[in-house]
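An overview of the molecular structure
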Amino acid sequence: DDVLIEGLLCLLDTHMALYIPGKKEPEPGLLDTNPTRGFLTLLNLISRDSSVLLDFLVSNETCFLLYLLRYLKFVVKDWSGFVSSCDTSYSEAIQILIDLKQSIQRLLSKSLFPYNIGPVFRLLEKVESFHLNQKDS
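Cut-off values and rules
Residues numbered from 1 in each chain as written. Predicted model: local features only at pLDDT ≥ 70, side-chain atom pairs only at ≥ 80, totals over all residues. Heavy atoms only, no water. Helix = DSSP H or I, 4+ residues; strand = E, 2+ residues; numbered from the N terminus. Rg over C-alpha atoms; globule rule 2.2 N^0.38 Å. Buried < 20%, exposed > 50% of the residue type's maximum accessible area, 1.4 Å probe, protein only. Contact = heavy atoms within 4.5 Å. Areas by Shrake-Rupley, 256 points an atom, 1.4 Å probe, with all protein chains shown as cover. Phe/Tyr/Trp six-rings, centres within 6.5 Å; stacked < 30°, edge-to-face > 60°. Salt bridge = Lys/Arg side-chain N within 4 Å of Asp/Glu carboxyl O. Arc of directions from axis to C-beta. Core = buried A, V, L, I, M, F, W, Y, C linked by side-chain atoms within 4.5 Å.

Helix and strand counts for the protein come out as seven helices and zero strands. Taking 14 Å as the expected radius of gyration for a compact globule of 137 residues, we find that the protein reaches 15 Å, a close match to that expectation. Each of the three principal axes of the protein carries a C-alpha extent, and together these read 45 × 40 × 25 Å. Split into buried and exposed, the 137 residues of the protein put 42% on the buried side. A separation threshold of at least 6 residues defines the contact pool for the protein, and within that pool the share at least 24 residues apart is 71%. For the protein, the exposed area adds up to about 7,800 Å²; of that, 53% sits on carbon and sulfur atoms.

Structure, rendered in structure tokens:
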């Protein structure tokens, strides 16, 4: 799991170094660095189960907290890029993120989260808000 998450983090770093959010991306060619496609691959590998993402967050064996925090910042910064990259997987991906937010909220309400997850939680709230605003328009 750790190698997979570190690979996704490297993919995100590479993409952020090469492309400016909001600008049209070049054709992927030999190296597809789109972080959202990497995230969608992760979701497929974990059978689209938000509880696995929660397990990754609670575990100290992966760098998933760092990855998720940086990926969510990327999504919030380039929402339209996220939506277009998700394509037909958008509804499913957004539901998994909302489910993760709700799971974190349940743990927070019982003071059971092992560390300060506030920054990730706030980003998940922004993602949900963007989604709801998109549905309304």
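Counted according to the given criterion, the structure contains ten aromatic pairs. Plain terms: the ring middles of Phe-39 and Tyr-71 are 4.8 Å apart, the flat faces sit at 25° to each other, and that makes the pair stacked. Of this pair, Phe-39 sits in helix 2 (residues 35–45) while Tyr-71 sits in helix 4 (residues 64–77); the two residues are 32 residues apart in sequence, bridging distant segments of the chain. Taking relative accessible area as the criterion, Phe-39 reaches 0% and is therefore assigned buried. For Tyr-71, a relative accessible area of 0% translates into the label buried.

Take the pattern of salt bridges next. Tallying each qualifying case throughout the model produces three salt bridges. Arg-48 serves as the salt-bridge partner of Glu-92, at 3.0 Å between the closest nitrogen and oxygen. Of the two residues, Glu-92 is situated in helix 6 (residues 90–109) and Arg-48 in the loop between helix 2 and helix 3 (50–58); the sequence distance between them amounts to 44 residues. Residue classification places Glu-92 among the partly exposed residues on the basis of a relative accessible area of 41%. Looking at Arg-48, the relative accessible area reads 36%, which means it is partly exposed.

Although it is not a glycine, Ser-47 sits at a positive phi angle of roughly 55°. Topologically, Ser-47 is positioned in the loop between helix 2 and helix 3. Backbone geometry places Asp-87, a non-glycine residue, at a positive phi of 55°.

Each α-helix winds once per 3.6 residues, and so residues spaced three or four apart point in a common direction. Within helix 3, burial applies to Ser-50, Leu-53, Leu-54, Phe-56 and Leu-57. Within helix 3, the buried residues cover an arc of 155° as seen down the axis, which keeps them to one side. At its buried positions, helix 3 is contacted by helix 1 (2–18), helix 2, helix 4 and helix 6.

Examined against the element boundaries, Lys-101 turns out to sit in helix 6. Judged by its relative accessible area of 7%, Lys-101 falls in the buried class. Leave out the neighbours within four places in its chain, and Lys-101 touches Phe-121, Leu-124, Glu-125 and Glu-128.

The tendency in soluble globular proteins is for nonpolar side chains to be buried as a group. The biggest cluster of nonpolar side chains holds 41 residues, and the ones touching the most others in it are Leu-42, Leu-53, Phe-64, Tyr-67, Phe-82 and Ile-104. Elements with a contribution of two residues or more to this core: helix 1, helix 2, helix 3, helix 4, helix 5 (79–86), helix 6 and helix 7 (118–136). For Ile-104, the contacting residues outside a window of four places in its chain are Leu-54, Leu-57, Phe-113, Ile-117, Phe-121 and Leu-124.

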